[in-house]
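Listed below are the residues making up each chain.
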Amino acid sequence: MTVDKRYSMAAAVEHFVPDGSTVAIEGFTAFISFAASHEIIRQRKQDLTLVRMTPDLVYDQMIAAGVASKLVFSYLGNPGVGSLNCIRRAVEKSIPRPLEIEEYSHFGMVGRYIAGASKLPFFPLRSFLHSDLPGANPEIKFITSPYDGSEIGVVPPINPDVAFLHAQRADKEGNAQLWGLLGMQKEVAFASKHVVVVVEEVVDEDVIRHDPNRTLIPGLIVDAVVEEPYGAHPSYVQGYYDRDNSFYLAWEDISRDPQATSDWLDEWVYGVPDRAAYLKKLGPERIAELDPGEMWAGAVNYGRYD
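S.K.: I would appreciate a short explanation of the packing of helix 2 (residues 34-42) against helix 3 (residues 56-64) in the present structure.
M.R.: Working note: a packed helix pair is described by the angle between its axes plus the distance between those axes. Taken N-terminus to C-terminus, the directions of helix 2 and helix 3 make an angle of 5 degrees; their axes are 10 Å apart at the nearest point. Classified by the interaxial angle, the pair formed by helix 2 and helix 3 is roughly parallel. Seen from helix 2, the contacting residues are F34, S37, H38, I40 and I41; seen from helix 3, they are D56, L57, V58, Q61 and M62. Considering only residue class, the contact of helix 2 with helix 3 consists of six nonpolar, three polar and one charged.

S.K.: Is there a simple way to think about the pattern of salt bridges in this case?
M.R.: Two side chains carrying opposite charge are able to pair once their charged atoms lie near each other. Per the counting criterion, the structure on display carries 14 salt bridges. Residues K193 and D161 are paired through a salt bridge, measuring 3.3 Å at the closest nitrogen-oxygen approach. In this pair, K193 sits in the loop between helix 7 (185-191) and strand 10 (195-202) while D161 sits in the loop between strand 7 (151-155) and strand 8 (162-170), placing the two residues 32 residues apart along the sequence. Judged by its relative accessible area of 22%, D161 falls in the partly exposed class. Put simply, D211 and R169 hold a salt bridge, and the shortest N to O gap is 3.6 Å. Taken together, the positions of D211 in the loop between helix 8 (205-209) and strand 11 (215-217) and R169 in strand 8 put the pair 42 residues apart, joining distant regions of the chain.

S.K.: Please explain the side chain of H166 as it appears in this structure.
M.R.: Looking at where H166 falls in the secondary structure, it is placed in strand 8. Looking at H166, its side chain comes within polar contact range of the side chain of E200, at 2.7 Å. With near-sequence residues (within four places) excluded, H166 lies in contact with F31, S33, L178, Q185, V198, V199, E200, E228, G231, A232, V237 and Y241.

S.K.: How should I be thinking about the confidence of the model for the chain in this particular structure?
M.R.: Regions with low pLDDT should not have their predicted coordinates read in detail. Taken over all residues, the pLDDT of the chain has a mean of 94, while the share at 70 or more is 96%. This model gives residues 295-306 a pLDDT under 50, and the stretch forms 31 contacts once residues within four places in sequence are excluded.

S.K.: Help me understand the packing of aromatic side chains in this model?
M.R.: Per the counting criterion, the structure on display carries eight aromatic pairs. Aromatic side chains Y7 and F16 sit 5.6 Å apart centroid to centroid with 55 degrees between the ring planes, which places their arrangement in the tilted category. Among the residues examined, F16 registers a relative accessible area of 7% and is labelled buried. Taken together, the ring pairs connect F247, W251, W264, W268 and Y278 into an aromatic cluster. In this arrangement the basic side chain of R214 is found over the ring face of W179, its NZ or CZ atom lying 4.2 Å from the centre. Over the ring of W268 we find K281, and its NZ or CZ is 5.0 Å from the ring centre.

Conventions we followed
- Residues numbered from 1 in each chain as written.
- Predicted model: local features only at pLDDT ≥ 70, side-chain atom pairs only at ≥ 80, totals over all residues.
- Heavy atoms only, no water.
- Axes fitted to C-alpha atoms, helices over the stretch in contact; angles between N-to-C directions.
- Helix = DSSP H or I, 4+ residues; strand = E, 2+ residues; numbered from the N terminus.
- Parallel < 35°, antiparallel > 145°, perpendicular 65-115°, else oblique.
- Contact = heavy atoms within 4.5 Å.
- Nonpolar A, V, L, I, M, F, W, Y, C, P; charged D, E, K, R; others polar.
- Salt bridge = Lys/Arg side-chain N within 4 Å of Asp/Glu carboxyl O.
- Buried < 20%, exposed > 50% of the residue type's maximum accessible area, 1.4 Å probe, protein only.
- Polar contact = N/O pair within 3.5 Å; in protein donor to acceptor, adjacent residues only side chain to side chain.
- pLDDT = per-residue confidence, 0-100.
- Phe/Tyr/Trp six-rings, centres within 6.5 Å; stacked < 30°, edge-to-face > 60°.
- Lys NZ or Arg CZ within 6 Å of the ring centre and 35° of its normal.

What follows is the structure in structure tokens.
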């Protein structure tokens with residue numbers, strides 16, 4: 001018996017993101033569900049703990065909107081451009097509200113997700129030896145190896161209340177297929193208590209079954225499927241659209257000014273009811289510029305800011 005798990009984005013956020021939740025919107029430079037983050041902002045969720053390997057613009061916008069009270073992360077920056085100015089304001093000046101931070105290395109966050117997915121009590125790694133991070137984060141601890149007596153760093157598991165994970169396609173049961181720069185999407189899915197898969201297109205089960213090696217997230221752990229074309233813009237989805245580098249550049253100037261940031265949120269998030277309206281506002285010419293070309297897995301324009 002098949003189960004149709006299709007939701008609208010508004011319904012998925014309303015159902016799976018109560019105030020106070022721990023939320024992971026993952027995707028390592030690619031597959032970042034800005035559609036989910038914008039809906040969370042529109043619904044004015046509060047006191048969220050946001051979890052991500054590199055917060056990117058997605059969490060800069062959410063923190064500017066005041067939805068989060070804590071950030072658990074690794075590497076904080078606008079990739080290839082500069083700082084995340086809204087997060088910096090929250091940390092340094094409590095604008096628009098105070099923000100608690102818990103910082104790890106990338107590998108530290110990888111270890112936390114793996115431990116969470118594997119139901120392990122901790123994940124060991126050597127890279128925190130002689131690092132300054134343990135001094136800033138008491139959750140990074142050291143133990144003695146029971147095998148050779150050496151000192152080893154450990155990090156705790158993390159199990160988000162809900163993860164929003166973008167993919168190219170899925171069937172209505174949530175069997176999701178991804179290809180390209182995968183990051184930790186699979187591990188995050190298995191670590192999370194609830195999983196919302198956001199896809200460019202919902203396809204027939206036969207499409208999934210005919211290409212099973214692309215199925216990274218099985219439907220048995222998925223709670224909801226949201227069909228949201230261009231839902232990862234301004235990040236990219238391999239084979240569907242390119243990274244919008246012009247937006248990453250523009251955000252540097254917008255985010256430096258609190259009023260400009262507020263105006264942008266009013267126009268592009270609060271001022272549109274959903275992703276379809278956002279895309280209409282973005283316009284067909286801008287969308288056409290992000291076409292990766294004829295190749296199904298075309299080259300990605302990542303890091304070219306011209």
